[in-house]
2 protein chains.
Amino acid sequence: MYRNKTCGELRIEDLNREVTLAGWVQKIRRMGGMIFVDLRDRYGITQLIFNQEINPELCDKASKLGREWVIQVKGKVMERSNKNKNLPSGDIEINVLDFTVLNSADTPPFTIEDDTDGGDDLRMKYRYLDLRRNIVRQNLELRHQLAFETRRYLDSHHFMEVETPVLIGSTPEGARDFLVPSRMNPGEFYALPQSPQTLKQLLMVSGFDRYFQIVKCFRDEDLRADRQPEFTQIDCEMSFIEQEDILLMFEGLIKHLFKAVKGIDLPDFPRMTYADAMSRYGSDKPDTRFAMQLTEIKDLTVGKGFGVFDSSEYIGAICAAGCAAYTRKQLDELTEFVKRPQIGAKGLIYVRCESDGNYKSSVDKFYAPDDLGRWAARCQAKPGDLLLILCGETEKTQKQLCELRLEMASRLELKDKNTFNCLWVIDFPLLEKDEELGRYFAKHHPFTSPKPEDIPLLTTDPGLVRANAYDIVINGVEIGGGSIRIHNSDLQKKMFQVLGFTEEKAQSQFGFLMNAFKFGAPPHGGIAFGLDRLVAIFAGLDSIRDCIAFPKNNSGRDVMFGAPSVVEQAQLDELHLLSTYKK
Amino acid sequence: MYRNKTCGELRIEDLNREVTLAGWVQKIRRMGGMIFVDLRDRYGITQLIFNQEINPELCDKASKLGREWVIQVKGKVMERSNKNKNLPSGDIEINVLDFTVLNSADTPPFTIEDDTDGGDDLRMKYRYLDLRRNIVRQNLELRHQLAFETRRYLDSHHFMEVETPVLIGSTPEGARDFLVPSRMNPGEFYALPQSPQTLKQLLMVSGFDRYFQIVKCFRDEDLRADRQPEFTQIDCEMSFIEQEDILLMFEGLIKHLFKAVKGIDLPDFPRMTYADAMSRYGSDKPDTRFAMQLTEIKDLTVGKGFGVFDSSEYIGAICAAGCAAYTRKQLDELTEFVKRPQIGAKGLIYVRCESDGNYKSSVDKFYAPDDLGRWAARCQAKPGDLLLILCGETEKTQKQLCELRLEMASRLELKDKNTFNCLWVIDFPLLEKDEELGRYFAKHHPFTSPKPEDIPLLTTDPGLVRANAYDIVINGVEIGGGSIRIHNSDLQKKMFQVLGFTEEKAQSQFGFLMNAFKFGAPPHGGIAFGLDRLVAIFAGLDSIRDCIAFPKNNSGRDVMFGAPSVVEQAQLDELHLLSTYKK
């Protein structure tokens, strides 16, 4: 061992102890005849001191050190005259008796500090240096802790971690698979799993009873801001349970994680139906840290000659507390915001509830103060508040109001990163209609069980069927979701019919599962959490990228390793493949 | 919840309790007016009883049950008159008050019993049924337990589990990579990692200090008997350590696993140099559960006119205790065994040390009883023992003797599955010469550090350089291995030179690592264990296949899922690929 203590553990109690440390040179300062060096390792920082008068030779050698050099140091623990209260080891310093340079270092391309001068691209290219920064490494320590505590909780509840294969068959339904050509079976391909969904269901058929896996999944999609081609799921499944059992078990997991990692006792999670979530928040993953709920006011607006409102299916408002004094410019900004193509509203109507009890609105021409007062009353607006109103098709407008609500919450600084509001969203619709294609798609996946009382609707009005499906939402982020599964092969067949699968297609893609169901499948259901997002929530990060040791950029590229890359033709020949791409 | 008790937990203390169970029908027996049903779940078996006289209707319904049906049962715990001592729940039975069929089942294609009538192919096709068998599921429970206890041990020693990417760059050196075409970067390919070797070294450069990961790795090799294209490693790396620190830390891990999982306290692990292992056992993974070591007798044989011996570089013997009475037929079998092409010996010479003190040998013509007595004395043979002798080139013959030794141990039943002999093999050669290609290859990998005192030999006699490399061996199986790494970019460059890499090739394949080393790499080293093999050793299995939930067959095929498979041309078009394979 190159050390007998780490750079994070020495305290005033260790005074006069002779120790050996090893680590990286964080900082070098010269003061009078002294040299001070901050020595860093994963566990902390310890100050080293060299004295020109006592040991000029050693001091001379120390003066040649550079940032990020790796050294091994022998010395004596001394009390610091200038104590550093911000450092756990700030009461002591090491009077260095001797040291060895283990490795020198070129000057790093950016500073290894919490506030670095390195841009994103540079940091990604030298990710191994970026990971030296405390705030980045701490995210990965947090990730380790969350994964470990997840395993501890699930193991204590008799869940078995079972590894399912990474090289599986391709199912062209849903998102795009990554393919892996098979050399031993020429002309054939494996696919990387988008989730172990069918595999974990088979394990339930096998009687494994309680399964989990923290597992890499893969999706070859064009990467939006916060997507990665490979991501990690906490994947779980249970047998002989009903929805209520799953909700309690995994609410327990999240509570355990907050307690173990942050020392926070969370209250029981509220439950909200999908329908409620949409009408009150315009989202199936509402951020409930703040109110500002959507209020429908259509009935209060009709018949006053304002055609835009009269012809709208839905008119909804949010009440921005204390914003009545917003300037024209601020209101214009909000209007621009909702008109951005990503949001797509046609315009924004406001009502200022002024502090003197008057109302000022962009639709004064059509509505009398009494009318506006009735809107304000329904929205529980107080004098000084601002109503923001959108109108149009119901669901579309609700989603637009959701975006506006989140934007206002940012402006009003209502998104407190130290508050954690968890809830269950339940009773999701089973199916979604693609109006263009004129067919239904599974909102979760084709194995989700309809609510038993809604099964007759499968034939008559599939769009109305509710699923035994649930999402868990923290601070407006969906961190997990799942469902009770179909365990009856006839119902599963029916489901594939509704989804427009021919019998052959269903058989060729999911035949093994439907066959398995014929041999005694237990009732079962499960859930999957996105570990990357869970870590991001715990770390207070907006992006998952800094919770991942070696993330890929938006082109799916790892700039440090230079992957993906062109391979030798011989490798392709062995796979019987020809690249048709011409630069 | 469909149950309030499992099928494994009811005891005599639960008498008269009303319970609800759910599970699979294992067995149905009719006796007089009674029906007995064994109900099975993951946790055990509970006997159900239906009485024709008390409830004829229910009894009637029960008589229609079939094997592997899934039922939910309400009943009362009763004392069994015929107790089953082999079952933890064998003291009680359930007097069934009511039951519900949750799912019926087709007759399974083989019996779901420890001793099944299903052949390998059938079991693999219906793996989800095979996994219902206790002995198979228990292997996977063991696997879970080993992985969990590994994490617990490493976490307690401050190791962080860090997930490294699965989509990385291809390195044509070494074994063949699985390739993954990139759609977003047409004409380019990711590769699946054969191990996270370079990634974990980068994490050491990042100052992560102690890393581990239980991680899937991939190798596209023609599958020998006990290889899988995807396999799982316990991958570990530490900084600021020397070889001794690694040996102690991971000896501690294996001891912890044996204690936690099997309640066994292992003694300290012996250490054996590679040179010793080869000369004493003819193997770098000796099975030390039994002695029967190799003894060189060349010097005792020369000059007696037996040309075969006189012209042999090496003559070695093993002493098979109590086998002097082996018949001609048995000796012929052994001769056939060593002459098989996989072993490749030219012949086998024996010396019978008869119980009356006489010697009988196949080389009596050349050697007098006194000569043979000297051989026997060196081999510590007692009257009644049998010497088996091979000769030829040293290393080749030692390996042949190793095979013979293992064969004899099987015949003599010396391989006790309940004995666990662990040892370290150390001081491996750094390089291996490929005589045909006339160049050196790294015995472990190109990042392994030579012993400092042997560095000068790198230039003068590379074959003699010993590495700071070590393997851990249990009962003749290498379950893990690793090395201290090179952390100096100049030494790493030198190593690539010795391995015949041009500077461009080294740079293009491992440039990111050599660049990283320029920014302050700490001394570091690590180890990786094969989890599949570790589970097999703990489970007493010869093959890793039954430690894997969904293994692939020798053609890399999953017969249950039908993977790999042909994909739609549209999928290939998106990847700019053309399959040139014609059936």
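**Student:** What is the right way to read the sheet that holds strand E3 (residues 44-51) of chain B from this model?
**Tutor:** Paired through their backbone hydrogen bonds, the strands of a sheet run either parallel or antiparallel. All names here are of chain B. An order of E1-E2-E3-E5-E4 is seen for the five strands of this closed barrel, with the pairing classed as mixed. Strand-to-strand twist across the sheet, computed as the mean angle between neighbouring axes with direction ignored, equals 55°. Where strand E1 (residues 18-31) and strand E2 (residues 34-41) come together, seven bridges link them in antiparallel fashion. Among the inter-strand pairings, Arg 30 is bridged to a residue of E2, identified as Ile 35.

**Student:** So what exactly am I meant to see when it comes to the relation of the copies chain A and chain B here?
**Tutor:** Each of the two chain copies can be generated from the other by rotation about an axis followed by a shift along it. Its rotation angle being 180°, the transformation that places chain A on chain B also includes 0.0 Å of axial translation and leaves an RMSD of 0.1 Å. Taken together, the turn and the small shift mark the pair as related by a two-fold rotation axis. Both copies contact each other with a shared surface, as 100% of the interface residues of chain A are interface residues in chain B too.

**Student:** What exactly am I supposed to notice about the nonpolar core here?
**Tutor:** Tyr 128, Phe 550 and Phe 561 of chain A together with Leu 202, Leu 203, Phe 208 and Leu 431 of chain B are the most contacted members of the largest nonpolar core, which has 57 residues in total. Ranked by residues supplied to this core, first place goes to helix H15 (residues 503-517) of chain B with seven residues. Aside from chain neighbours lying at most four places away, what touches Tyr 128 of chain A is Met 560 of chain A together with Leu 202, Val 205, Ser 206, Phe 512, Asn 515, Ala 516 and Phe 519 of chain B. Val 162, Phe 510, Phe 512 and Met 514 of chain A belong to the second-largest nonpolar core, a separate cluster that totals 56 residues.

**Student:** Looking at this model, I keep getting lost on a positive patch on the surface. Mind explaining?
**Tutor:** On the surface, Arg 224, Arg 227, Lys 285 and Arg 533 of chain A cluster together to form a positively charged patch. Given the relative accessible area of 54%, Arg 224 of chain A is considered exposed.

**Student:** Can you help me understand the packing of aromatic side chains in this one?
**Tutor:** Aromatic ring pairs: the centre-centre distance and the angle between the two ring planes describe each pair. Within the structure shown, the criterion is met by 50 aromatic pairs over all chains. Here the aromatic rings of Phe 50 of chain B and Phe 99 of chain B are separated by 5.6 Å at their centres, their planes lie at 75°, and the arrangement is edge-to-face. Of this pair, Phe 50 of chain B sits in strand E3 while Phe 99 of chain B sits in strand E5 (residues 92-103); the two residues are 49 residues apart in sequence, bridging distant segments of the chain. Phe 99 of chain B carries the same exposure label as Phe 50 of chain B, and that label is buried. Cluster of aromatic residues (ring-pair linked, three or more members): Phe 306, Phe 309, Phe 366, Tyr 367 and Trp 375 of chain A. The ring of Phe 99 of chain A is capped by Lys 61 of chain A, whose NZ or CZ atom sits 4.3 Å from the centre of that ring. When the ring centre of Phe 501 of chain A is taken as reference, the NZ or CZ atom of Lys 505 of chain A above it lies at 4.9 Å.

**Student:** Just checking my understanding: could you explain the interface of chain A and chain B for this structure?
**Tutor:** Accessible area lost upon the coming together of the parts serves often as the stated size of an interface. Taken residue by residue, the interface counts 122 residues in chain A and 122 residues in chain B. Where chain A abuts chain B, roughly 11400 Å² becomes buried across the two surfaces, and 61% of that area is made up of carbon and sulfur atoms. Taken together, the connections running from chain A to chain B amount to 14 salt bridges. Taken together, chain A and chain B are joined by 67 residue pairs in polar contact (both at pLDDT 80 or more). The biggest single contributor to the side of chain A that touches chain B is helix H4 (residues 134-156) of chain A, with nine residues. Across three bridges, the pairing between strand E23 (residues 577-579) of chain A and strand E23 (residues 577-579) of chain B is antiparallel. The partner of Leu 577 of chain A across the bridge, within E23 of chain B, is Ser 579 of chain B.

**Student:** What am I meant to see in the pattern of salt bridges here?
**Tutor:** Close approach of charged atoms lets side chains of opposite charge pair. All names here are of chain A. Inspection of the entire model under this criterion finds 102 salt bridges over all chains. Of the charged contacts in the structure, one is a salt bridge between Arg 137 and Glu 141, with a shortest N-O distance of 3.5 Å. Of this pair, Arg 137 and Glu 141 both sit in helix H4, four residues apart, which is roughly one turn of that helix. Owing to a relative accessible area of 4%, Arg 137 belongs among the buried residues under this scheme. Residue classification places Glu 141 among the partly exposed positions, given a relative accessible area of 23%. Put simply, Glu 161 and Arg 151 hold a salt bridge, and the shortest N to O gap is 2.7 Å. Taken together, the positions of Glu 161 in strand E6 (residues 160-161) and Arg 151 in helix H4 put the pair ten residues apart, joining distant regions of the chain. Connected through shared salt-bridge partners, Asp 120, Arg 123, Arg 127, Asp 130, Arg 133 and Asp 546 make up one network.

**Student:** Whenever I open this one, helix H7 (residues 274-281) of chain B confuses me. Can you help?
**Tutor:** Two residues of an α-helix separated by three or four positions point the same way, owing to the 3.6 residues in each turn. Residue and element names in this part refer to chain B. Among the residues making up H7, those that are buried are Tyr 274, Ala 277, Met 278 and Tyr 281. Here the buried residues of H7 occupy an arc of 105° about the axis, which is enough to place them on one side. In this structure, the buried residues of H7 make contact with strand E11 (271-273), helix H12 (394-411) and strand E17 (422-426). One or two steps after H7, the chain reaches Gly 282, where phi turns positive at roughly 65°.

**Student:** Please explain the packing of H4 of chain A against helix H16 (residues 531-539) of chain A as it appears in this structure.
**Tutor:** Packed helix pairs are characterised by how far apart their axes lie and by the angle those axes make with each other. Residues and elements named next belong to chain A. Put simply, H4 and H16 touch, their axes get as near as 10 Å, and they point 120° apart. Looking at the two axes, H4 sits oblique to H16. Crossing geometry of H4 relative to H16 is assigned as right-handed. Contact residues: H4 offers Asn 139, Leu 142, Arg 143 and Leu 146, while H16 offers Leu 531, Asp 532, Leu 534, Val 535, Phe 538 and Ala 539. Counted by class, the contact of H4 with H16 contains seven nonpolar, one polar and two charged residues.

**Student:** Help me out: how do you make sense of helix H14 (residues 489-498) of chain A in this one?
**Tutor:** Residue and element names in this part refer to chain A. All buried positions along H14 are accounted for by Ser 489, Leu 491, Gln 492, Met 495, Phe 496 and Val 498. Against the buried residues of H14 lie strand E18 (431-434), strand E19 (439-442), helix H13 (457-460) and helix H15 (503-517). Capping the start of H14, Asn 488 holds a side-chain oxygen 2.8 Å from the backbone nitrogen of Asp 490, two or three residues further along. Where H14 ends, the next residue or the one after it, Gly 500, has phi of about 80°, a positive value.

**Student:** What should I look at first to understand the sheet that holds strand E1 (residues 18-31) of chain A in this one?
**Tutor:** All names here are of chain A. With mixed pairing, the five strands of this closed barrel are ordered in space as E1-E2-E3-E5-E4. Neighbour-to-neighbour, the strand axes of the sheet open up by a mean angle of 55°, direction not taken into account. Examined bridge by bridge, strand E3 (residues 44-51) and strand E5 (residues 92-103) share three bridges and lie parallel to one another. Following the sheet pairing, Leu 48 is matched in E5 by Ile 94.

**Student:** Explanation requested: the confidence of the model for chain A in the structure shown.
**Tutor:** Interpreting fine coordinate detail is not advised for predicted regions of low pLDDT. Counting all residues, the mean pLDDT for chain A is 95, and 100% of those residues have values of 70 or more. Here the predicted complex carries an ipTM of 0.95, next to a pTM of 0.96.

**Student:** Teacher, can you tell me more about the environment of Gln 194 of chain B here?
**Tutor:** Residue and element names in this part refer to chain B. In this structure, Gln 194 sits in the loop between strand E8 (189-191) and helix H5 (197-205). In this structure, the C-alpha to C-alpha distance between Gln 194 and Asp 177, residues 17 residues apart in sequence, is 7.0 Å. Beyond its immediate sequence surroundings of up to four residues, Gln 194 is in contact with Ala 175, Arg 176, Asp 177, Cys 217, Phe 218, Arg 219 and Phe 231. A distance of 2.7 Å separates a polar side-chain atom of Gln 194 from the backbone oxygen of Ala 175. A polar contact of 2.7 Å, which involves the side chain of Gln 194, links it to the side chain of Asp 177.

Definitions and limits used
- Residues numbered from 1 in each chain as written.
- Chains lettered and ligands numbered in written order.
- Predicted model: local features only at pLDDT ≥ 70, side-chain atom pairs only at ≥ 80, totals over all residues.
- Heavy atoms only, no water.
- Pairing = 2+ DSSP bridges.
- Helix = DSSP H or I, 4+ residues; strand = E, 2+ residues; numbered from the N terminus.
- Axes fitted to C-alpha atoms, helices over the stretch in contact; angles between N-to-C directions.
- Least-squares fit on C-alpha atoms with pLDDT ≥ 70 in both.
- Contact = heavy atoms within 4.5 Å.
- Core = buried A, V, L, I, M, F, W, Y, C linked by side-chain atoms within 4.5 Å.
- Buried < 20%, exposed > 50% of the residue type's maximum accessible area, 1.4 Å probe, protein only.
- Patch = residues over 30% accessible without salt bridge, like charges linked within 9 Å, V, L, I, M, F, W, Y side chains within 5 Å.
- Areas by Shrake-Rupley, 256 points an atom, 1.4 Å probe, with all protein chains shown as cover.
- Salt bridge = Lys/Arg side-chain N within 4 Å of Asp/Glu carboxyl O.
- Lys, Arg positive; Asp, Glu negative; His and termini not counted.
- Charge placed at Lys NZ, Arg CZ, Asp CG, Glu CD.
- Phe/Tyr/Trp six-rings, centres within 6.5 Å; stacked < 30°, edge-to-face > 60°.
- Lys NZ or Arg CZ within 6 Å of the ring centre and 35° of its normal.
- Buried area = accessible area lost by both parts, 1.4 Å probe.
- Polar contact = N/O pair within 3.5 Å; in protein donor to acceptor, adjacent residues only side chain to side chain.
- Arc of directions from axis to C-beta.
- Parallel < 35°, antiparallel > 145°, perpendicular 65-115°, else oblique.
- Left-handed = near helix turned anticlockwise from the far one by under 90°.
- Nonpolar A, V, L, I, M, F, W, Y, C, P; charged D, E, K, R; others polar.
- pLDDT = per-residue confidence, 0-100.

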